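Per-entry structural report
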Amino acid sequence: MPTFEDIQQAADQLEGRIHRTPVLTSSALDERFGGTILLKAELFQKTGSFKVRGLLTKLLRLSPEERERGVITVSAGNAAGALAWAARDAGVPATVVMAKTAVPAKIEAARGYGATVELVEGDLMAQYERIRDERKLTGVHPFDDEDVITGHGSLGLELLADRPDIDTVLVPVGGGGLISGVALAVKLVKPAIQVIGIEPEQADVVSRSLAAGEPQKLPTARSIADGLAAPVCGTRNFPIIQQYVDSVVRVREDALLEATQLVMSRTKLALEPAAAAPFAALLEGSIQLEGTTASIVSGGNLDVSKLRL
């Protein structure tokens, strides 16, 4: 399991390479939900997503031989663009495996950053492993990797540096990469902080894994919050979540849509539904702020085709 020193080293490596994203506020949302909400706006991060933190950290730590072979990852969209950008920044050839049904804008973003995009059908992970092995590429898992986790932990350190008064952190959950990094970072510094994860009811692999006591795999995982629709919980992420995350709650699809519309109308930020998931939990009442100071981690640009406004 990564240490605080590992996370601090990752933050030092990333400094000057990525953005230090702002923490934004909204009095209208504070009044609506009865607490002080601090929005960590990772949609302003490089490529519009927090994922560059972990993926660039991974690439910076590869051996010369691993870099020379080129890297490959599998993604619904945000990790594809992040790896493509990070690989270009690190001078490493990149391939990304994406579903043919992926958001066209995210496919083009990965290509625009210089990656080779392989559009496939069926089991994405199986196709990723096949292409990786056939071409002898260096595999970079989008979330089940200790270097990726430590890179995401840099976000937690930023939160505490900018707002040491926070007592709750709400984090969208897919396969567990972001929440494991953030939870580890903030809990190692301030153990009393409450870390709560939010995932879609239709893609609740982390909740199922916690209930089962071991990482699970879903036969299908589909949600309007496509960035959270991971079919598996990472084996390296799971023990961190078990130890450092206080709870994980599920939200309905209609709440995800309503939350996205609400945040857009109050903040004018174009969040994708995955980034608005914590607000869906607040709307449903499964999380109560009750006067607390909560930081909500939101990192994803909107694909407008996802909303029926």
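This report concerns the structure included in the present document. Quick caveat: nothing in here was measured; it's all calculated off a predicted structure. (Residues numbered from 1 in each chain as written. Predicted model: local features only at pLDDT ≥ 70, side-chain atom pairs only at ≥ 80, totals over all residues. Heavy atoms only, no water.)

1. Regarding the packing of helix α8 (residues 146-162) against helix α9 (residues 177-189)
One can describe the packing of α8 onto α9 by two numbers: an axis separation of 7 Å at closest approach and a directional angle of 50 degrees. Of the possible angle classes, the one that applies to α8 and α9 is oblique. At the point where α8 passes α9, the crossing takes the right-handed sense. Taking contact as the criterion, the partners of I149, H152, G153, L155, G156, L157 and L160 in α8 are, on α9, G177, L178, S180, G181, V182, A185, V186 and V189. (Axes fitted to C-alpha atoms, helices over the stretch in contact; angles between N-to-C directions. Helix = DSSP H or I, 4+ residues; strand = E, 2+ residues; numbered from the N terminus. Parallel < 35°, antiparallel > 145°, perpendicular 65-115°, else oblique. Left-handed = near helix turned anticlockwise from the far one by under 90°. Contact = heavy atoms within 4.5 Å.)

2. Considerations on the side chain of H152
By the element assignment, H152 lies in helix α8. Those residues in contact with H152, other than ones at most four positions away along the chain, are F50, K51, R53, G54, G177, L178, G181 and V182.

3. Let's talk about the side chain of D30
Among the secondary structure elements, D30 is positioned in helix α2 (residues 27-33). Nearest to the buried, unbridged D30 among oppositely charged side chains is R163, at 8.5 Å. Not counting residues up to four positions away in its chain, the partners in contact with D30 are G35, T36 and I37. (Buried < 20%, exposed > 50% of the residue type's maximum accessible area, 1.4 Å probe, protein only. Lys, Arg positive; Asp, Glu negative; His and termini not counted. Salt bridge = Lys/Arg side-chain N within 4 Å of Asp/Glu carboxyl O.)

4. Some remarks on the sheet that holds strand β3 (residues 71-74)
One open sheet holds the 4 strands; their spatial order is β5-β4-β3-β6, and the pairing between them is parallel. The strands lining the two open edges of the sheet, one partner per strand, are β5 (116-120) and β6 (138-139). Across 5 bridges, strand β4 (residues 94-99) lies against β5 in parallel orientation. The partner of V97 across the bridge, within β5, is E118. (Pairing = 2+ DSSP bridges.)

5. What to know about a nonpolar patch on the surface
Where nonpolar side chains cluster on the molecular surface, the patch consists of F4, L188 and V189 and spans about 220 Å² of accessible area. Its place among the elements puts L188 in helix α9. Looking at L188, the relative accessible area reads 35%, which means it is partly exposed. (Patch = residues over 30% accessible without salt bridge, like charges linked within 9 Å, V, L, I, M, F, W, Y side chains within 5 Å. Areas by Shrake-Rupley, 256 points an atom, 1.4 Å probe, with all protein chains shown as cover.)

6. Some points on the packing of helix α1 (residues 4-14) against helix α3 (residues 51-60)
Angle between the axes and distance between the axes: these two values describe a pair of packed helices. Running from N to C, α1 and α3 cross one another at 90 degrees; their axes reach a closest spacing of 10 Å. If you check the angle between α1 and α3, you find them roughly perpendicular. Residues A10, Q13 and L14 of α1 lie in contact with α3, whose contacting residues are R53, L56, T57 and L60. Tallied by class, residues from the contact of α1 with α3 come to 4 nonpolar, 2 polar and 1 charged. (Nonpolar A, V, L, I, M, F, W, Y, C, P; charged D, E, K, R; others polar.)

7. Description of the pattern of salt bridges
This model, assessed by the stated rule, comprises 23 salt bridges. Of the charged contacts in the structure, one is a salt bridge between E158 and R53, with a shortest N-O distance of 3.0 Å. Placement of E158 in helix α8 and of R53 in helix α3 is noted, with a sequence separation of 105 residues between them. No difference in accessibility class separates E158 from R53, as the two residues are buried. In this structure, a network of salt bridges that share partners links the residues K40, E42, R53 and E158.

8. Concerning α8
For α8, with 17 residues, the first-to-last C-alpha span of 25 Å sits near the 24 Å given by 1.5 Å per residue. Put simply, D145 is the residue that caps the front of α8, since its side-chain oxygen is 2.8 Å from the backbone nitrogen of D147. (Expected span 1.5 Å × (residues − 1). Polar contact = N/O pair within 3.5 Å; in protein donor to acceptor, adjacent residues only side chain to side chain.)

9. Points about the pairing of β3
Where burial is concerned, the two faces of β3 agree: the one with V71 and T73 and the one with I72 and V74 are both buried. Judged from the 4 bridges that link them, β3 and β4 form a sheet pairing that is parallel. Looking at β4, one finds that I72 is bridged to T95. Of the crossover connections in this fold, the one passing from β3 over helix α5 (residues 78-90) to the parallel β4 is right-handed. Pairing of β3 with β6 involves 2 bridges; the strand directions are parallel. When the sheet's bridge partners are listed, I72 is paired in β6 with G139. (Right-handed = clockwise from strand over helix to strand, strands pointing away.)

10. Observations concerning the environment of H141
When you line up the elements, H141 lands in the loop between β6 and α8. Since its relative accessible area comes to 16%, H141 is described here as buried. Placed 69 residues apart in sequence, H141 and L210 show a C-alpha to C-alpha distance of 21 Å. For H141, the residues in contact, after removing those within four places along its chain, are L55, T73, M125, Y128 and V148. Within the structure, H141 has its side chain in polar contact with the backbone nitrogen of F143 (distance 3.1 Å). Within the local environment of H141, its side chain forms a polar contact with the backbone nitrogen of D144, the two atoms lying 2.9 Å apart.

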